[in-house]
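What follows is each chain in one-letter form.
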Amino acid sequence: DNCSTIVAAVREGRRILDNLTRAFAYLIAFHPPLLLSALIVPLLGQPLLLLPIHLVVLELLLHPIVALVFQADPPSDDTMRRPPRPVGAALRLRTLAPSYGVGMLLAGVLIALYLVALESWPEDRARALAFCALLASQPVLLLSARTPGRPLWSRGQHWTRTVVVVVAVLAVATLASVYVAPLAHLLHLEPFPAVWWLAVVAAATTPMWLEPLK
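Being a predicted model, the structure only gives us computed values, none of them experimental.

(A) Examining the packing of helix α4 (residues 123-145) against helix α5 (residues 161-179) more closely. Following both chains from N to C, one finds α4 and α5 inclined at 175°, their axes separated by 9 Å at the closest point. On the basis of their axis angle, the class for α4 and α5 is roughly antiparallel. Across from Ala128, Phe131, Cys132, Leu135, Ala136, Gln138, Pro139, Leu142 and Leu143 in α4, the residues of α5 making contact are Val163, Val166, Val167, Leu170, Ala173, Thr174, Ser177 and Val178. Partitioned by chemical class, the residues of the contact of α4 with α5 number 14 nonpolar, 3 polar and no charged.

(B) The arrangement of the pattern of salt bridges in detail. Scanning the entire structure with this criterion turns up 6 salt bridges. Put simply, arginine 15 and glutamate 12 hold a salt bridge, and the shortest N to O gap is 2.9 Å. Remark: glutamate 12 and arginine 15 occur in helix α1 (residues 3-43); sequence separation between them is 3 residues, near one turn of the helix. Given a relative accessible area of 14%, arginine 15 falls into the buried group. Through salt bridges with shared partners, a single ionic network connects Glu123, Asp124 and Arg127.

(C) Geometry of the nonpolar core. Membership of the largest hydrophobic core comes to 49 residues, with the highest contact counts inside it found for Tyr26, Phe30, Leu58 and Phe192. Residue assignment for this core shows that the elements contributing at least two residues are α1, α2 (52-72), α3 (97-118), α4, α5 and α7 (197-204). No other element matches the 13 residues that α4 contributes to this core. If we ignore the near neighbours within four places in the chain, the residues touching phenylalanine 30 are Leu58, Leu62, His63, Leu134, Gln138 and Leu141.

Scoring rules and cut-offs
- Residues numbered from 1 in each chain as written.
- Predicted model: local features only at pLDDT ≥ 70, side-chain atom pairs only at ≥ 80, totals over all residues.
- Heavy atoms only, no water.
- Axes fitted to C-alpha atoms, helices over the stretch in contact; angles between N-to-C directions.
- Helix = DSSP H or I, 4+ residues; strand = E, 2+ residues; numbered from the N terminus.
- Parallel < 35°, antiparallel > 145°, perpendicular 65-115°, else oblique.
- Contact = heavy atoms within 4.5 Å.
- Nonpolar A, V, L, I, M, F, W, Y, C, P; charged D, E, K, R; others polar.
- Salt bridge = Lys/Arg side-chain N within 4 Å of Asp/Glu carboxyl O.
- Buried < 20%, exposed > 50% of the residue type's maximum accessible area, 1.4 Å probe, protein only.
- Core = buried A, V, L, I, M, F, W, Y, C linked by side-chain atoms within 4.5 Å.

Listed below in structure tokens is the structure:
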């Protein structure tokens, strides 16, 4: 007997669908570096870029933490101004195509960074460089997925408390993975010269190259 309940239900349903789509976009962009590095690097006769322990950390710890952002995101400002979606049009693959491009680009940059580092560094140090770049790229992928259809730097990026906490956790995890000795030993990583953090930042921000194409 209260139509406002229907409006609230539609708004919540659209919020959930939007956030699921954005979460899928993030996951699609994130996985090409994992898959392609596991395929291409061994074919080139080089040591694995990502070891099983890294995959465990990324899949069982990183993804659940990032998922908190999409779960907590509020509805967009235009949520109730959009017309209804056609039946079956909720998660069309073409809407996620840019995420494939971002993932492929990031994979190429990370593999190239790792191979270059291997030419002059031991395996654990080169792996640390690429692994830190992969971790550092996660906030970029996350924020990009939250603004579909418009560049990352455009207006409308809402920095919720959850986003701030997750980005801070990712930053701490990136530094701790090489500078906290027990953790670095567990992950088979070795600290690299500080100047190479510039390369880490450059590699981590490569997804922004495709932002103008949104």
